[in-house]
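# Report on the structure
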Amino acid sequence: MGVLDNTKGLILAMLSSLFIGTSFILKKKGLKRAAAAGTRAGTGSYTYLLEPLWWAGMITMIVGEIANFVAYMFAPAVLVTPLGALSIIVSAVLAHFMLKERLRQMGILGCLSCIVGSIVIVIHAPQEHTPSSVLEIWTLATEPAFLIYVAVTLSMVLVLIIYFEPHYGQTNILVYLGICSLMGSLTVMSIKAIGTAIKLTLEGISQAAYPQTWFFLLVAVICVITQLNYLNKALDTFNAAIVSPIYYVMFTTLTIIASAIMFKDWSGQNMNSIISEICGFITVLSGTIILHVTREEEPTTLPGTIIWYDGDRAKGLEDAHYITLHSPDFFQ
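None of these values were measured; they are calculated from a predicted model.

This paragraph deals with the pattern of salt bridges. Overall, the coordinates contain two salt bridges when judged by the stated rule. The salt bridge partner of Glu51 is Arg33, with a shortest N-O separation of 3.7 Å. With a gap of 18 residues between them, Glu51 in the loop between helix 1 (3–37) and helix 2 (52–74) and Arg33 in helix 1 connect regions that are remote in the sequence. Note that Glu165 and Lys233 form a salt bridge whose closest N and O atoms lie 2.8 Å from each other. Taken together, the positions of Glu165 in helix 7 (residues 144–168) and Lys233 in helix 9 (residues 211–237) put the pair 68 residues apart, joining distant regions of the chain. Overall, Lys233 belongs to the buried group, its relative accessible area being 2%.

Looking now at the packing of helix 6 (residues 134–141) against helix 9. The N-to-C vectors of helix 6 and helix 9 enclose an angle of 60 degrees; their axes lie 9 Å apart at closest approach. In the crossing of helix 6 with helix 9, the sense of the turn from one axis to the other is left-handed. Two secondary-structure elements touch here, helix 6 through Val134, Leu135, Ile137, Trp138 and Ala141 and helix 9 through Gln212, Thr213, Phe215 and Phe216.

If you look at the biggest cluster of nonpolar residues, it comprises 50 residues, and the most contacted ones within it are Val243 and Met262. Of all the secondary-structure elements, those providing two or more residues to this core are helix 1, helix 2, helix 6, helix 7, helix 8 (173–202), helix 9 and helix 10 (240–263). The dominant element in this core, judged by the number of residues it contributes, is helix 8, at 13 residues. Apart from residues lying up to four places away in sequence, Met262 is in contact with Ile137, Leu140, Ala141, Phe146 and Met189. Cys114, Tyr248, Ile256 and Val284 belong to the second largest nonpolar core, which has eleven residues in total.

What follows is about the side chain of Ser16. Take Ser16: it is sitting in helix 1. Taking the relative accessible area as the measure of exposure, Ser16 reaches 2% and is therefore buried. With sequence-adjacent residues up to four places away left out, Ser16 is seen in contact with Gly64, Ala67 and Asn68.

A few words now on the packing of aromatic side chains. Aromatic ring pairs are defined here through the distance separating the ring centres and the angle between the ring planes. By the definition in use, this model includes ten aromatic pairs. On the basis of an interplanar angle of 85 degrees and a centroid distance of 4.9 Å, the ring pair of Trp54 and Trp55 is categorised as edge-to-face. For Trp54, a relative accessible area of 3% puts it in the buried group. Judged by centre distance (5.4 Å) and plane angle (90 degrees), the ring pair of Trp138 and Phe215 falls under edge-to-face. With a gap of 77 residues between them, Trp138 in helix 6 and Phe215 in helix 9 connect regions that are remote in the sequence. What makes Phe215 partly exposed here is its relative accessible area of 41%. Site record: aromatic cluster; members linked through ring pairs are Phe24, Tyr247 and Phe251.

About the thresholds
Residues numbered from 1 in each chain as written. Predicted model: local features only at pLDDT ≥ 70, side-chain atom pairs only at ≥ 80, totals over all residues. Heavy atoms only, no water. Salt bridge = Lys/Arg side-chain N within 4 Å of Asp/Glu carboxyl O. Helix = DSSP H or I, 4+ residues; strand = E, 2+ residues; numbered from the N terminus. Buried < 20%, exposed > 50% of the residue type's maximum accessible area, 1.4 Å probe, protein only. Axes fitted to C-alpha atoms, helices over the stretch in contact; angles between N-to-C directions. Left-handed = near helix turned anticlockwise from the far one by under 90°. Contact = heavy atoms within 4.5 Å. Core = buried A, V, L, I, M, F, W, Y, C linked by side-chain atoms within 4.5 Å. Phe/Tyr/Trp six-rings, centres within 6.5 Å; stacked < 30°, edge-to-face > 60°.

See below:
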């Protein structure tokens, strides 16, 4: 791969992070405006769909994701993937100035720890095999190891949606982001298949005749819709400066695991790389804990809300009317 291609990939990846980081802020401002005029997305409302600012954030995110997708066509994953951490910095800085979500000094340290740890993990992650056709990816996707991963992932998502979301969705950020990240790992696997199909088709080897191509497309659409739904709930419920890094860490980690299982990337890894990856995980975990401990909560301003304190943070308990009407929904 030439230097020019690497440069194109680098620029596209950086632009992708800028767009995606900005989209978090635009979408949250849109969610706040929608909440002021109606019911919050975190309680099952979809009034934010009428908010232009939310759509501006959605379009910005789509542009960023497209740029990220194209970047992988020019540069290797080891160069593109770590740059996704830049979106954390963008969203944290913009949230500080535009949303008045103050990021304290220890919070900055936690954010940096998440970035450093994630970069270490990605850099030392094994090289993946580039599939030569959609049929090859289908063969990998239907092997027992990956089918077990898919079954475990979907089971965890169902448990989070059916049990944990109604009880802890409004108080524990890991519920919403767990669903988003688990589905995201499956999204990436499908996107890789779609990307391979597009690339081969442009080279004159059409993949449209294979039903597997359309199956991967269907899976990608379902997973993306689920991710966006629960991401909206996370942004509406929790501090944007906290959502961004935790989502990045969980999504990156699960994607690496899914890719390693599906493409058998871990075979042939030396001990130095394994130790470096473990250190990266520890660094990420430490940064996540720091972010949780030092985060600054937003005051609850919704009508009909009761505030109580549990020692560390203020939480909103919606009145009996809203509790009676509350029912579990799908992904933020």
